[in-house]
Amino acid sequence: MGVPNNINCRPGWFLPDRLVTPEAAFLNRRRFLRQMGMTSAGLLASTMAGCSRSDSDPELTNTPTNLPAAGSANSPAKYPAPRIAEFNPGWPLTEAKVAAKYNNFYEFTLEKDEVHKLVNRFVISPWPIAIGGLVEKPMALDVQELIEMMGLEERVYRFRCVEAWAMIVPWTGFPLRKLLEKVQPKSEARFVRFETFNRPDQAPGMKERMHSAEDGKVVPWPYFEGLRMDEAMNPLTLVATGLYGKPLPKQHGAPIRIVVPWKYGYKSIKSIVKIDCVAPSPSSFWERIAPREYPFESNVNPNVPHPRWSQATERMIDTGRREKTQLFNGYGQYVAQLYSAK
Ligand SMILES: Nc1nc2c(c(=O)[nH]1)N[C@H]1C(S)=C(S)[C@@H](COP(=O)(O)O)O[C@H]1N2
Ligand SMILES: [Mo]
């Protein structure tokens, strides 16, 4: 498959203040509603994905700077992996220590700046993972063996959360496509389904949030996600085992996660134990909770606002700079054709 040589992605969009999305105002409104004890059908969703208090913390750089607990399920000798020129475009990288303390990982907590403190009990080695479903050659092995088998490369990607924060980070991993080619999906397989670990004893958020506080609805743990087969086979879709030239820190989804850079962050599922090729759409954790707010496809699109906020701009988590959101997060040259025929 021919891949264009450059990503049309221009950093440095400055917007006049009057065009800046009032993120802080929005977040304050949420907090106000919570304090007033007001509820609504969408409140579970807003509590969990729409925003978290810490997203309004103005000075992330004032937090302590100790390094995160590093994952070591895969040998550090593999890092850093060779950089692929096409995906190392020289963009300014987000500061690693800011990214390591600004995480969405609801299995642990809803507070972005607390995840890194709650991952100590999370065991990431050994880490069995199974790739199966509608495939000719299913696999079940440890993540370490998988890494040996697949090899690793480094790619710098833009990353955009649905909450309108963004970062630019170097992932280490391999294209999902390479793995799918090994297991050989059958022709009936139309989607790929991913599943995260299910260990409430190691992940406090899973115990605390069995049900929505507002409407008692069951939270559909373990976290799961899905992609269409053609999206999964796109050369951009990455299986990541490392970040910033080292094995993935636990809070970023150690020891193995998916990265889908043209979709909102929740599609980039962390700490996976299972990959299945399936026929009907597998749905997803967030689609199950709030389909109108977090639909299955979820491509980054500045022109389609979230029902409760604009997606026109995004905020870089380290510099705080506001930039214009780009269609497909800037990866249109790679993926626009996936969506043009409909
Ligand atoms: N298993 C699991 N995967 C997950 C999440 C989660 O809560 N659980 N959060 C998602 C969301 S909303 C985002 S924005 C990214 C955040 O990744 P990061 O913390 O490495 O930046 O992880 C995604 N993957
Ligand atoms: Mo997100």
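Residues numbered from 1 in each chain as written. Chains lettered and ligands numbered in written order. Predicted model: local features only at pLDDT ≥ 70, side-chain atom pairs only at ≥ 80, totals over all residues. Heavy atoms only, no water.

Caption draft 1: Inspection of the sheet that holds strand β1 (residues 128-133) at higher detail. Spatially, 5 strands are ordered β2-β1-β10-β5-β6 in an open sheet, and the strand pairing comes out mixed. Edge positions in the sheet fall to β2 (139-142) and β6 (224-228), since each has one partner strand and no second. Sheet twist, expressed as the average angle between the axes of neighbouring strands with direction ignored, equals 15°. The pairing of β1 with β2 spans 4 bridges and is antiparallel. Along β2, the bridge assignment pairs I131 with M139. Helix α4 (residues 143-150) rests against β1 and β2 of the sheet, and its axis sits at about 105° to β2. (Pairing = 2+ DSSP bridges. Helix = DSSP H or I, 4+ residues; strand = E, 2+ residues; numbered from the N terminus. Axes fitted to C-alpha atoms, helices over the stretch in contact; angles between N-to-C directions. Contact = heavy atoms within 4.5 Å.)

Caption draft 2: Broad picture of the pairing of strand β11 (residues 313-316). Here β11 shows no split at all, with T313 and R315 on one side and E314 and M316 on the other all buried. Pairing between β11 and strand β12 (residues 322-324): 3 bridges, direction antiparallel. The partner of R315 across the bridge, within β12, is R322. The loop that links β11 with its antiparallel partner β12 comprises 5 residues; one of these, G320, has a positive phi angle of about 80°. (Buried < 20%, exposed > 50% of the residue type's maximum accessible area, 1.4 Å probe, protein only.)

Caption draft 3: A look at the packing of aromatic side chains. Per the counting criterion, the structure on display carries 22 aromatic pairs. Centroid distance F191 to F296: 5.8 Å. Interplanar angle 75°. Geometry classified as edge-to-face. Taken as a pair, F191 in strand β5 (residues 191-196) and F296 in the loop between α8 (285-289) and β11 lie far apart in primary sequence, 105 residues in all. Look at F191 and you get buried, because its relative accessible area is 16%. Three or more aromatic residues joined by ring pairs form one cluster here, namely Y106, W221, Y223, Y266, F285, W286 and Y294. (Phe/Tyr/Trp six-rings, centres within 6.5 Å; stacked < 30°, edge-to-face > 60°.)

Caption draft 4: Representation of unusual backbone geometry within the structure. Here the bond from Y79 into P80 is cis, since omega is -10°, no more than 30 degrees from zero. Tracing the backbone shows P80 in the loop between α2 (43-50) and α3 (96-99). The residue after S125, namely P126, is reached through a cis peptide bond having omega 0°. Positive phi outside glycine occurs at Q184, with the angle close to 60°. Among the structural elements, Q184 can be located in the loop between α5 (176-183) and β5.

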